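Results of the structural survey
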Amino acid sequence: MPTVEKKANLNRYNMLRGPQTDLQTFKNEVEGEVRSTINSYISKLEGKEERARMTYYLDIESSFRRPVNLILTGMALGAEKKDLIKLASAIQLSQEFILMADDLIDKSKMRRGRESYISKYGGENTVNDALMLLSVTWEMLVDYINERRESLGDAQADAIRHKFYEIGSLTYYGESKDINMMNKVGSLAKISYEDCILMTNLKTSAYTVWGPMQLGALAAGADEKVLEAIREIGEPAGTAFQILDDIKDITATKEQLGKEPFSDIRESKPTIIILKVFERANSEEKQEIDAIFKKSSAEKTEKDIKRIVSLIEKYKGIEYAEQEVQKWTEIATERFVKYDSDPEFRSMIKSSKHLGWLLASIALI
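A brief report on the enclosed structure follows. (Residues numbered from 1 in each chain as written. Predicted model: local features only at pLDDT ≥ 70, side-chain atom pairs only at ≥ 80, totals over all residues. Heavy atoms only, no water.)

1. Re helix α8 (residues 193-219)
A maximum bend of about 65° is found in α8 at Ala206. Counting buried positions along α8 gives 23 out of 27 residues, so the element sits mostly inside the fold. (Bend = angle between axes of the 7 residues up to and from the residue. Helix = DSSP H or I, 4+ residues; strand = E, 2+ residues; numbered from the N terminus. Buried < 20%, exposed > 50% of the residue type's maximum accessible area, 1.4 Å probe, protein only.)

What follows is the structure in structure tokens.
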């Protein structure tokens, strides 16, 4: 965890951000404005039934973490919220069609505490609607860029478009590696810790943390130095977030998760928890784990799931993962403190309150 010195360095942001209720009020405001913006675009589409389907995930409770991270970064660097909402809405809508694709890939039955899109509307509608939402997302992004091109300048406006594309590209590549990794190697022995962290950086870190933050920074006129700092801080923060999510998948209830627990085991995802358990297991147990992970989701039995969970308990996989969360949080904190100690970077911060809220949002304070 952060040292006393680092805690002191971050404490002023804790004080400036005020009570937790202030941040929650801000998040609620962002959520309302983002929902309204997205609905204004979906309302223009043909077909009442189709429009109703495409707001299904939007209407379910969500953290809105990505648009919040984007807006807080932009405001910390001097942008006004009204100049960030449409861009934040585009990044939120991109999550909705990615979740629909995830439903197909993972054959998910639940999402956010309700039936998944594929369970409710079927595979054909899920594919068709996801493609339409992809089109709406880019229409929204193009509108945003056109509306702000004069104030931002051509270079900055084009940089936002390229960054949005980069985030999507990295997310796709990470998902592709996730889908194909176990199928290609055949054994967890051939998958490294570094492979898992790379997948996390490609997916969660880029898509949830530093990618949206960089978009917000670009919308505030930030240069490449700021983008580099954001990525340097955001990658380990995103890694900690993903490992914590992996822990919850094993320890939380169905009601807490809003979906079936043990999804990583069912889908044979090689998380660092599983890799550590495999590393500590004896040769017979290694063969057993590999045999279970070679099965498809449909082929795995409840006995298989319980066996893997028992091995996680035996070899203290959760305790190991909790140490990893602390390690990556500490790395992110150290990097932030380094930049925050630089007068040049500190001078770029126009709103310490919003920076404090951002640090809370990415769990550094």
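That shown, we press on.
2. A few points about empty space enclosed by the protein
The final tally for this structure, using the stated rule, is 2 cavities of 30 Å³ or more. Of the voids in this model, the largest cavity is the one considered here, and its volume is about 310 Å³. As for the largest cavity, its lining consists of 20 residues, and the residues nearest its centre are Ile230, Ile233, Phe336, Ile349 and Leu355. Within the residue set of the lining of the largest cavity, elements represented by two or more residues are α4 (65-76), α9 (224-251), α15 (317-340), α16 (343-348) and α17 (352-361). Ranked by the residues each element gives to the lining of the largest cavity, the list is headed by α9, at 4 residues. Residues belonging to the lining of the largest cavity are distributed by class as follows: 17 nonpolar, 1 polar and 2 charged. Its volume calculated, the second largest cavity comes out at about 40 Å³. Lining the second largest cavity we find Asp246, Asp249, Ile250, Asp264, Ile265, Thr271, Ile273 and Ile274. Listing elements by their share of the lining of the second largest cavity, those giving two or more residues are α9, α11 (263-266) and α12 (272-280). The element that contributes the greatest number of residues to the lining of the second largest cavity is α9, accounting for 3 residues. A breakdown of the residues in the lining of the second largest cavity according to their chemical character gives 4 nonpolar, 1 polar and 3 charged. (1 Å grid on protein atoms, 1.4 Å probe; cavity = no way out; pocket = protein on both sides within 12 Å on 5 of 7 lines; lining within 4 Å. Points joined across faces, edges and corners; volume = space filled by probe spheres on them. Nonpolar A, V, L, I, M, F, W, Y, C, P; charged D, E, K, R; others polar.)

3. Overview of the packing of α8 against α9
Relative orientation of the contacting elements α8 and α9 amounts to 135°, with a least axis distance of 7 Å. One element, α8, and the other, α9, form an angle in the oblique class. As for the relative orientation of α8 and α9, their crossing is right-handed in sense. Judged by residue contacts, Ile197, Thr200, Asn201, Thr204, Ser205, Thr208, Val209, Trp210, Met213, Gln214, Ala217 and Leu218 of α8 engage Val226, Leu227, Ile230, Arg231, Gly234, Glu235, Ala237, Gly238, Thr239, Phe241 and Gln242 from α9. Of the residues belonging to the contact of α8 with α9, the class tally is 11 nonpolar, 10 polar and 2 charged. (Axes fitted to C-alpha atoms, helices over the stretch in contact; angles between N-to-C directions. Parallel < 35°, antiparallel > 145°, perpendicular 65-115°, else oblique. Left-handed = near helix turned anticlockwise from the far one by under 90°. Contact = heavy atoms within 4.5 Å.)

4. Thoughts on the nonpolar core
Taken as a class, soluble globular proteins show a tendency for nonpolar side chains to be buried jointly. If you look at the biggest cluster of nonpolar residues, it comprises 77 residues, and the most contacted ones within it are Leu70, Ile71, Leu87, Ile160, Leu215 and Phe336. Top element by residues in this core is α8. It accounts for 10 residues. For Leu215, the residues in contact, after removing those within four places along its chain, are Leu70, Leu87, Ile91, Ile160, Lys163, Phe164 and Ile167. Among the nonpolar cores identified, the runner-up in size contains 33 residues, and Cys196, Ala281, Ile305 and Ile312 belong to it. (Core = buried A, V, L, I, M, F, W, Y, C linked by side-chain atoms within 4.5 Å.)

5. Let's talk about the packing of α4 against helix α5 (residues 85-106)
Axes are the key here: two packed helices are described by the angle between their axes and the distance separating the axes. Taken N-terminus to C-terminus, the directions of α4 and α5 make an angle of 155°; their axes are 8 Å apart at the nearest point. The orientation of α4 relative to α5 falls into the category roughly antiparallel. The chirality of how α4 crosses α5 is right-handed. Mapping the contact onto sequence places Arg66, Pro67, Leu70 and Ile71 in α4 and Ile85, Leu87, Ala88, Ile91, Gln92 and Gln95 in α5. For the contact of α4 with α5, the class distribution of residues is 7 nonpolar, 2 polar and 1 charged.

6. A short note on the pattern of salt bridges
Under the defined criterion, the tally for this structure stands at 30 salt bridges. A salt bridge links Asp83 to Lys82; the shortest N-O distance between them is 3.3 Å. Among the salt bridges present, the one from Lys327 reaches Glu324, with a minimum N-O distance of 3.4 Å. In this pair, Lys327 and Glu324 both sit in helix α15, 3 residues apart, roughly one turn of the helix. (Salt bridge = Lys/Arg side-chain N within 4 Å of Asp/Glu carboxyl O.)

7. Observations concerning the side chain of Asp106
Here Asp106 lies in helix α5. Using a relative accessible area of 12% as the deciding quantity, one classes Asp106 as buried.

8. Focus on unusual backbone geometry
Although it is not a glycine, Ser268 adopts a positive phi angle of roughly 60°. Note on placement: Ser268 falls in the loop between α11 and α12. Looking at Ser268, the relative accessible area reads 7%, which means it is buried. Not every positive phi belongs to a glycine, and Lys316 is a case in point at roughly 55°. Examined against the element boundaries, Lys316 turns out to sit in the loop between α14 (302-314) and α15. The exposure class of Lys316 is partly exposed, given its relative accessible area of 49%.

Purely spatial values, then, with no claim about function.
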